[in-house]
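So you can see what is in the structure, the chains are spelled out below.
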Amino acid sequence: MERGAFSKYSWVDFAFSVVGVCTFLLDWGSDLWVAAEFYCHGDFLWFGALVALMLLSSCVVQMFSWFWLKYDRQLPEFRSDTGAEAVLFVDKVKLSCLLHVLQLGFLCRHISAIRQGFRVWWRKEEGSEYAVYLTHDLSMLRLIETFCESAPQLTLMIYVVLRNNKARTVQFVSIAASTTSMAWMVVDYHRSLRSFLPDKAQQGWGSSLVYFLWNLLLISPRVAALALFASVLPAGCAAAHFLLVWSGFVLWAWRQRTDFMDSAGGEWLYRATVGLVWYFSWFNVAEGRTRGRSVIYHGFMAADGGILLATWWCYRDHVTSQPYALPLILALPLTYWLGLLFKCVYYCCFHPTLWRPPGRLPDDLPDDLPDAQVSFRDFPIQDGTLSSQLLNKRMQHNAALFYSVRRDTR
């Protein structure tokens, strides 16, 4: 494996960076539009809830960005790489801190990635490794932003529509923007992880489509069930449900001894964020076999979703919900189980590691689900060439947790 295999920056990477910042700005623009509509119509409760979600999401993302920036400044490769000193004002700590306090650090990362990518791809300048490094960090930050803001906001928008039994155009725009943002960020994150596959196994459009579908089919009914549950009970009940489930997920992440951040405070922030992601979707965070953890998680989510839908069915307004009640109560569980089916199909037939040429892997790798841990130290390509390369260890760590390879038994 050549050294450049892991660091080559292409026009596709540049396009993803541009589309990513456009999606980010569109999502925030639609949020501000919805917030203004709520305020102008006197819906101060929805206005406050939406603004609170936007601020919470922004603060979490800025905190991750700042933690990573502080860590990256300590890396000799980061400081010496071409163009790194000019990105995000890395040599001006106070200015960088101020940008993050003003909630502009994430946007500056987007602009820096586009600037560095343009220099590498269009002008053919040096710094390809650092451009890839930036895009990897952005994909993780966008995923965090998606589940901290887009998923809760989508739940809120559906809840408001159900409570009012009507929807304005701006609400449909917000729902569409949040859904688009979620879908794009999940695909972008998956694409970023794939760059750490030891031999860059190719993935066609069919595989990407199946991956997109099973995530969409699992997340959508979860969001809808939460909105339906909240629409028939006081707000305190929905808040209590979230706090109870989220706290349990945070403790579960702690029990799995996650090791993603570089400080104790940062690690607890990561665990709290993982708990929020798990509230909507599965995300592997620990080494070892994950068959049991995956079964437990999806079993719990199916049971919890069933309880949410049963509660809504019992307490719903029978008159206003008559046109859509029965189709919803049948379609949402079916959609979730269909998502599980697509997930099995993806892992059995479309997973990139299934296409890796034989003879490239050691014989003692575990036979487990594709979410299981595979240490990249087990692969010879990590020896020598990549050790001196500017490699994003955070995303490499997540890729190792996400991908695994089934042992060749022939």
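Values in this document were obtained by computation on a predicted structure and should not be read as measured data.

**Structural notes on the pattern of salt bridges**
Here comes step 1: Inspection of every chain in the model, using the stated rule, returns two salt bridges.
Here comes step 2: As a salt-bridge pair, R222 and D304 come within 2.6 Å of each other at their nearest N and O atoms. Of this pair, R222 sits in helix α8 (residues 205-231) while D304 sits in helix α11 (residues 291-315), placing them 82 residues apart in sequence.
Here comes step 3: Relative accessible area serves as the criterion here: at 3%, R222 is assigned to the buried category.
Here comes step 4: Here D304 falls in the buried class, since its relative accessible area comes to 9%.

**Structural notes on helix α9 (residues 235-255)**
Along an α-helix, residues three or four positions apart point the same way, because every turn accommodates 3.6 residues.
Here comes step 1: With 21 residues, α9 extends 30 Å from end C-alpha to end C-alpha; this agrees with the ideal 30 Å at 1.5 Å per step.
Here comes step 2: Regarding α9, the residues found buried are H241, V245, F249, V250 and A253. One face of α9 carries all of its buried residues, which in axial projection span an arc of 155°. Exposed and oriented more than 90 degrees from the buried face of α9 are L244, L251 and R255.

**Here we look at unusual backbone geometry**
Peptide bonds are, in most cases, trans, and in most cases residues other than glycine have a negative phi.
Here comes step 1: In this model, Q103 sits at a positive phi of 65°, which is unusual for a non-glycine residue.
Here comes step 2: Here Q103 is to be found in the loop between α4 (93-101) and α5 (105-121).
Here comes step 3: What makes Q103 partly exposed here is its relative accessible area of 28%.
Here comes step 4: One non-glycine residue, R257, lies in the positive phi region at around 55°.
Here comes step 5: With respect to the helices and strands, R257 occurs in the loop between α9 and α10 (264-278).

**Re the nonpolar core**
Here comes step 1: In this structure, F64, M140, L156, Y270, W278, F280 and F283 are the most contacted members of the largest nonpolar core, which totals 77 residues.
Here comes step 2: Looking at this core element by element, the count peaks at 16 residues for helix α6 (residues 128-164).
Here comes step 3: Those residues in contact with L156 that lie beyond four places of it in its chain are W46, A49, L50 and L53.

**With respect to the packing of α9 against α10**
Here comes step 1: In contact at an axis separation of 8 Å, α9 and α10 are set at 125° when each is read in the N-to-C sense. By the angle between their directions, the pair α9 and α10 is classed as oblique. For the pair α9 and α10, the crossing hand works out as right-handed. Facing α9, whose interface residues are F242, W246, F249, V250, W252, A253 and W254, α10 presents W268, R271, A272, V274, G275, L276 and W278.
Here comes step 2: For the contact of α9 with α10, the per-class residue count stands at twelve nonpolar, one polar and one charged.

**Structural notes on the packing of helix α2 (residues 44-72) against α10**
Here comes step 1: Across the interface, α2 lies against α10 with an axial gap of 11 Å and an inter-helix angle of 140°. In this structure, α2 crosses over α10, and the sense of that crossing is left-handed. Judged by residue contacts, V60, M63, F64 and F67 of α2 engage G266, L269, Y270 and T273 from α10.
Here comes step 2: Across the contact of α2 with α10, the residue classes tally to six nonpolar, two polar and no charged.

**Side note on a nonpolar patch on the surface**
Here comes step 1: Taken together, the side chains of L95, L98, L102 and L104 define a hydrophobic patch exposed on the protein surface, amounting to about 330 Å² of accessible area.
Here comes step 2: Residue classification places L98 among the partly exposed positions, given a relative accessible area of 45%.

**Comments concerning the environment of L326**
Here comes step 1: Examined against the element boundaries, L326 turns out to sit in helix α12 (residues 325-350).
Here comes step 2: The partly exposed category is assigned to L326, whose relative accessible area is 49%.
Here comes step 3: On a C-alpha basis, the gap between L326 and W313 in space is 9.1 Å, while along the polypeptide they are 13 residues apart.

**Regarding the confidence of the model for the chain**
Here comes step 1: Confidence in the prediction for the chain averages 76 pLDDT; 71% of positions are at 70 or higher.
Here comes step 2: Confidence scores differ between elements of the chain, with helix α3 (residues 76-80) showing the lowest mean pLDDT of 55 and α9 the highest of 93.
Here comes step 3: In this model residues 1-7 is a low-confidence stretch, pLDDT under 50, and it forms 22 contacts with partners more than four residues away in sequence or in other chains.
Here comes step 4: A low-confidence stretch, residues 80-87 stays under pLDDT 50, and its non-local contacts, those more than four residues away or across chains, total 21 contacts.

**Section: the side chain of Q62**
Here comes step 1: Inspection of the secondary structure assignment puts Q62 in helix α2.
Here comes step 2: Judged by relative accessible area, which is 5%, Q62 ranks as buried.
Here comes step 3: Within the local environment of Q62, its side chain forms a polar contact with the backbone nitrogen of F106, the two atoms lying 3.3 Å apart.
Here comes step 4: Excluding its chain neighbours within four sequence positions, the residues that come into contact with Q62 are H100, Q103, L104, G105 and F106.

**Observations regarding the packing of aromatic side chains**
We describe a pair of aromatic rings using the distance from one ring centre to the other and the angle between the two ring planes.
Here comes step 1: One pass over the structure, following the stated rule, counts 19 aromatic pairs.
Here comes step 2: Here F242 and Y279 contribute two aromatic rings whose centre-to-centre distance is 5.0 Å and whose plane-to-plane angle is 85°, an arrangement assigned as edge-to-face. Highlighted residues: F242 in helix α9 and Y279 in the loop between α10 and α11, separated in sequence by 37 residues.
Here comes step 3: With a relative accessible area of 5%, Y279 lands in the buried category.
Here comes step 4: Taken together, a centroid distance of 5.1 Å and an interplanar angle of 45° make the contact between W282 and Y297 tilted.

Rules and cut-offs
Residues numbered from 1 in each chain as written. Predicted model: local features only at pLDDT ≥ 70, side-chain atom pairs only at ≥ 80, totals over all residues. Heavy atoms only, no water. Salt bridge = Lys/Arg side-chain N within 4 Å of Asp/Glu carboxyl O. Helix = DSSP H or I, 4+ residues; strand = E, 2+ residues; numbered from the N terminus. Buried < 20%, exposed > 50% of the residue type's maximum accessible area, 1.4 Å probe, protein only. Expected span 1.5 Å × (residues − 1). Arc of directions from axis to C-beta. Core = buried A, V, L, I, M, F, W, Y, C linked by side-chain atoms within 4.5 Å. Contact = heavy atoms within 4.5 Å. Axes fitted to C-alpha atoms, helices over the stretch in contact; angles between N-to-C directions. Parallel < 35°, antiparallel > 145°, perpendicular 65-115°, else oblique. Left-handed = near helix turned anticlockwise from the far one by under 90°. Nonpolar A, V, L, I, M, F, W, Y, C, P; charged D, E, K, R; others polar. Patch = residues over 30% accessible without salt bridge, like charges linked within 9 Å, V, L, I, M, F, W, Y side chains within 5 Å. Areas by Shrake-Rupley, 256 points an atom, 1.4 Å probe, with all protein chains shown as cover. pLDDT = per-residue confidence, 0-100. Polar contact = N/O pair within 3.5 Å; in protein donor to acceptor, adjacent residues only side chain to side chain. Phe/Tyr/Trp six-rings, centres within 6.5 Å; stacked < 30°, edge-to-face > 60°.

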